[in-house]
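What follows is each chain in one-letter form.
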Amino acid sequence: MPTEPELSDTQKNIINEAEKLFANRGYYGVSLRDISGSCGISLNLIRYHFGSKDDLFRFAILRRTKTMNRIMLASLNKKIHDLQSAPSIYSVVSAYVTAFDVLNSKKHKWRNYLKLLVHCDSLTDKPELIKGLREAYQTVFESYVSAFESCGLNKKNANLAVYFMHTVVGQSAVEVYSISHLSNNVCDPNNDPTHTEQKIRFIANGLLTLTN
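Source: prediction; values computed, not measured.

Chemist: Tell me what's going on with the overall build of the chain, and back it up with residues and numbers.
Modeler: Of regular secondary structure, the chain possesses twelve helices and zero strands. Across the 212 residues of the chain, 46% fall into the buried class. Taking the contacts inside the chain whose residues are at least 6 apart along the sequence as the reference set, 71% of them involve residues at least 24 apart. Total accessible area computed for the chain in this model is approximately 11,300 Å², and 53% of it derives from carbon and sulfur atoms.

Put into structure tokens, the structure is as follows:
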């Protein structure tokens, strides 16, 4: 299995199309034949480069983990480093949301990947398929749990805080176009400079209930 920097043009075409299809249709809604037809590359060549559908899916969900980990951790470290005292729930949430929004703004390649990550949360019947993803993001998860513990949350509530934050941010990131469409552009997160701040306050205020 190739690594991201070593991908040939053919492999990039395959994995980019696979990422898009898996993100929009889900794991069960896509076959290797679908990917082949969409990218115009033979089924045999796809199997040669990436193996089975499961192998290709695993590569798709793991391919951007190093970059995402770096951005998520750098955002948290900067927020904590800039503070003169212990972090607040607001500052931890701000680190996470800001990093996620930066990733979400990197054209459509990241939006597809973020949609794919959100889809992985629903694959509870396929633990072996997403095991590597869980392991890849474990350091980020533990770092944000630790940061919430520094805010005064106990371990259980700190874990709940990360899961809640992840769910809200993930869903809002992949549904921005639906929000705009359903509201007839009255709510347009893509062109609303206050959207990120509103999201941070919404999550942080919700998490304050865990301190009681």
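Chemist: For the UniProt feature "DNA-binding region" (unreviewed entry) in the chain, give the residues involved together with the corresponding values.
Modeler: The UniProt record annotates "DNA-binding region" (unreviewed entry) at residues 31–50. As annotated, residues 31–50 comprises 80% helix and 0% strand, and the C-alpha atoms at either end are separated by 13 Å.

Chemist: Account for the packing of aromatic side chains, naming residues and giving values.
Modeler: Aromatic rings in a pair are described by how distant their centres are and how their planes are angled relative to each other. Summed over the entire model, instances satisfying the criterion amount to eight aromatic pairs. With centroids separated by 5.2 Å and ring planes inclined at 80°, the aromatic side chains of Tyr27 and Phe57 adopt a geometry described as edge-to-face. Taken as a pair, Tyr27 in the loop between α1 (9–25) and α2 (32–39) and Phe57 in helix α4 (residues 53–62) lie far apart in primary sequence, 30 residues in all. The rings of Phe22, Tyr27, Tyr28 and Phe57 are connected pair by pair, giving a single aromatic cluster.

Chemist: Run through the environment of Val145, naming residues and quoting values.
Modeler: Locating Val145 in the fold gives a position in helix α9 (residues 138–150). Look at Val145 and you get buried, because its relative accessible area is 5%. Once the C-alpha coordinates of Val145 and Asn157 are considered, the two residues, twelve residues apart in sequence, prove to be 8.9 Å apart. In this structure Val145 touches Ala158, Asn159 and Val162, once residues within four positions along its chain are discounted.

Chemist: Before we move on, can you summarise the layout of surface pockets with the specific residues and values?
Modeler: One number sums up the size of the largest pocket: a volume of about 530 Å³. Lining the largest pocket are 21 residues, and of these Asp121, Arg134, Tyr137, Phe141 and His166 lie nearest its centre. For the lining of the largest pocket, the secondary-structure elements that each account for two or more residues are α5 (65–82), α6 (89–104), α7 (107–120), α8 (127–136), α9 and α10 (155–174). Element by element, the count of residues in the lining of the largest pocket is highest for α10, at six residues. Class assignment of the residues belonging to the lining of the largest pocket gives a composition of 14 nonpolar, five polar and two charged.

Definitions and cut-offs
- Residues numbered from 1 in each chain as written.
- Predicted model: local features only at pLDDT ≥ 70, side-chain atom pairs only at ≥ 80, totals over all residues.
- Heavy atoms only, no water.
- Helix = DSSP H or I, 4+ residues; strand = E, 2+ residues; numbered from the N terminus.
- Buried < 20%, exposed > 50% of the residue type's maximum accessible area, 1.4 Å probe, protein only.
- Contact = heavy atoms within 4.5 Å.
- Areas by Shrake-Rupley, 256 points an atom, 1.4 Å probe, with all protein chains shown as cover.
- UniProt positions renumbered as here; feature names shortened; annotations may be inferred.
- Phe/Tyr/Trp six-rings, centres within 6.5 Å; stacked < 30°, edge-to-face > 60°.
- 1 Å grid on protein atoms, 1.4 Å probe; cavity = no way out; pocket = protein on both sides within 12 Å on 5 of 7 lines; lining within 4 Å.
- Points joined across faces, edges and corners; volume = space filled by probe spheres on them.
- Nonpolar A, V, L, I, M, F, W, Y, C, P; charged D, E, K, R; others polar.

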